[in-house]
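Tertiary structure, described
This is what each chain is made of:
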Amino acid sequence: MTSVLLVPILAALPAVAGAGPLRLAPAHDLVASGSSAPPAEPGFGFELLPPEKKPEARKAARLESALRTRRTLLTLHQGLGLAMAAGLIGTVVTGQLNYSDRFAGLPATGRYELWHDGFEAGTVLTFAAAGLLALLAPEPVKKKSEGIDTIKIHEYSMLAATVGFAAEIVLGILTVSREGYLNQPTLATTHLVIGYTTAGFVATGVTALFFR
């Protein structure tokens, strides 16, 4: 019985072999013939924000980052500014004591020189660091000028104090270099007066911030 079934199959093999490779019908023929196309797989390329809102979101993020940086730098600026003001008090006090010790007509002892130099160096360094932080702080929101306000008073006072500190450094070096010369007391007096003036500008700038 098996041989009877194999006869028609073997007889059909030459016809199949001569027909060439099987070809699949194109997809559009299948659709046209009524076959349904496979459904498209869902993708994950969706947008969280509409395209028109993306620039606004990026701008808001940059603004928030700049404001955060500004707050951090100005907080450090304020801390260094208070330390500088405390150091300036020590500089003025020891400067006056050193001046009186050296040029009041009594034998000079020089016991205040190191104290004055130490306070002066610390004050200048903290002043420079505080000023640098203020300059580096970004200003993302430009405020319209409304004349002279407390911030402007602070800025102008510290600018004048900067000139005073620079003059004090030069006069201090000149005063020390003129040891034994007749013009040393004059230089020392000028150094003292500019020191008090500089302290006045710093006091004005610091006080102005308490009236914002």
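Residues numbered from 1 in each chain as written. Predicted model: local features only at pLDDT ≥ 70, side-chain atom pairs only at ≥ 80, totals over all residues. Heavy atoms only, no water.

**A few points about the pattern of salt bridges**
Pairing is possible between side chains that carry opposite charge, provided their charged atoms lie close to one another. The following threshold applies: Throughout this description, the term salt bridge denotes a Lys or Arg side-chain nitrogen within 4 Å of a carboxyl oxygen of Asp or Glu. Burial status follows relative accessibility: with a 1.4 Å probe on protein chains alone, a residue under 20% of its type maximum counts as buried, one over 50% as exposed, and anything between as partly exposed. A run of DSSP states H or I qualifies as a helix once it reaches four residues; a run of E qualifies as a strand once it reaches two. Both are numbered from the N-terminal end.
For the structure on display, the rule yields five salt bridges. Salt-bridge contacts for Glu-64 lead to Arg-71; the nearest nitrogen and oxygen are separated by 3.6 Å. With relative accessibility at 36%, the residue Glu-64 sits in the partly exposed group. Glu-113 serves as the salt-bridge partner of Arg-102, at 2.8 Å between the closest nitrogen and oxygen. Within this pair, whereas Arg-102 is found in helix α3 (residues 54-103), its partner Glu-113 is found in helix α4 (residues 113-136), the two being separated by 11 residues in sequence. Since its relative accessible area comes to 31%, Glu-113 is described here as partly exposed. Each of Glu-64, Arg-68 and Arg-71 takes part in one network of salt bridges that share partners.

**Details of the confidence of the model for the chain**
Keep this limit in mind: Known as pLDDT, the predictor's confidence for each residue is given on a scale from 0 to 100. Whether two residues touch is decided by their heavy atoms; if any such pair falls within 4.5 Å, the residues are in contact.
This prediction gives the chain a mean pLDDT of 81; 73% of its residues lie at or above 70. In this model, residues 27-34 is a region of pLDDT below 50 whose contacts with residues beyond four sequence positions or in other chains number three contacts.

**So, empty space enclosed by the protein**
Put simply, the test is: In this analysis a 1.4 Å probe is tested at points of a 1 Å grid over the protein atoms alone, and where it fits but cannot get out there is a cavity; an open set with protein on both sides within 12 Å along at least five of seven lines is a pocket; lining residues have an atom within 4 Å of a point. Grid points are joined across faces, edges and corners, and a volume is the space filled by probe spheres set on the points. Residues are grouped as follows: nonpolar covers Ala, Val, Leu, Ile, Met, Phe, Trp, Tyr, Cys and Pro; charged covers Asp, Glu, Lys and Arg; every other residue, Gly included, is treated as polar.
Considering all chains together, one arrives at one cavity of 30 Å³ or more under this definition. Roughly 200 Å³ of internal volume is contained in the largest cavity. Lining the largest cavity we find 18 residues, and of these Thr-91, Val-92, His-116, Glu-168 and Gly-195 sit closest to its centre. Sorting elements by how many residues they give to the lining of the largest cavity places helix α6 (residues 184-208) first, with six residues. Looking at the lining of the largest cavity residue by residue, the classes come out as eight nonpolar, eight polar and two charged.

**Side note on the packing of aromatic side chains**
For clarity, the cut-off: Classification of ring pairs rests on two measures: the distance between centres of Phe, Tyr or Trp rings, Trp counted by its six-membered ring, which must be within 6.5 Å, and the angle between planes, read as stacked under 30 degrees, edge-to-face over 60 and tilted in between. For a Lys NZ or an Arg CZ to count as sitting over a ring, it must be within 6 Å of the ring centre and within 35 degrees of the ring normal.
Following the criterion strictly, the structure yields three aromatic pairs and no others. Ring geometry for Tyr-99 against Phe-103: centres 5.5 Å apart, planes inclined by 45°, an arrangement best described as tilted. Of the two residues, Tyr-99 and Phe-103 both sit in helix α3, four residues apart, roughly one turn of that helix. Among the residues examined, Tyr-99 registers a relative accessible area of 21% and is labelled partly exposed. A relative accessible area of 25% means that Phe-103 is categorised as partly exposed. In this arrangement the basic side chain of Arg-178 is found over the ring face of Tyr-181, its NZ or CZ atom lying 3.7 Å from the centre.

**With respect to the nonpolar core**
Using the following cut-off: Grouping buried Ala, Val, Leu, Ile, Met, Phe, Trp, Tyr and Cys residues that are joined through side-chain atoms within 4.5 Å yields what is termed a nonpolar core.
Residues Met-84, Leu-88, Val-92, Phe-127, Met-158, Ala-161, Phe-165, Ala-199, Val-202 and Val-206 constitute the largest nonpolar core, which totals 10 residues. Where this core is concerned, the elements lending two or more residues are α3, α5 (150-177) and α6. With near-sequence residues (within four places) excluded, Ala-199 lies in contact with Leu-88 and Val-92.

**Considering the packing of α4 against α5**
Here is the rule: Lines fitted to the C-alpha atoms define the axes, with helices restricted to the stretch that makes contact. Angles between their N-to-C directions range from 0 to 180 degrees. Comment on the angle field: the value is read as roughly parallel under 35 degrees, roughly antiparallel over 145, roughly perpendicular from 65 to 115, and oblique elsewhere. Rotating anticlockwise by less than a right angle from the far helix to the near helix defines a left-handed crossing, while the corresponding clockwise rotation defines a right-handed one.
Between α4 and α5, whose axes approach to 11 Å, the crossing angle comes to 140°. Judged by the inter-axis angle, α4 sits oblique to α5. Here the hand of the crossing between α4 and α5 comes out left-handed. In this structure, α4 uses Glu-120, Thr-123, Val-124 and Phe-127 to contact α5, whose residues at the interface are Met-158, Ala-161, Thr-162, Phe-165, Glu-168 and Ile-169. Along the lines of polarity and charge, the residues of the contact of α4 with α5 split into six nonpolar, two polar and two charged.

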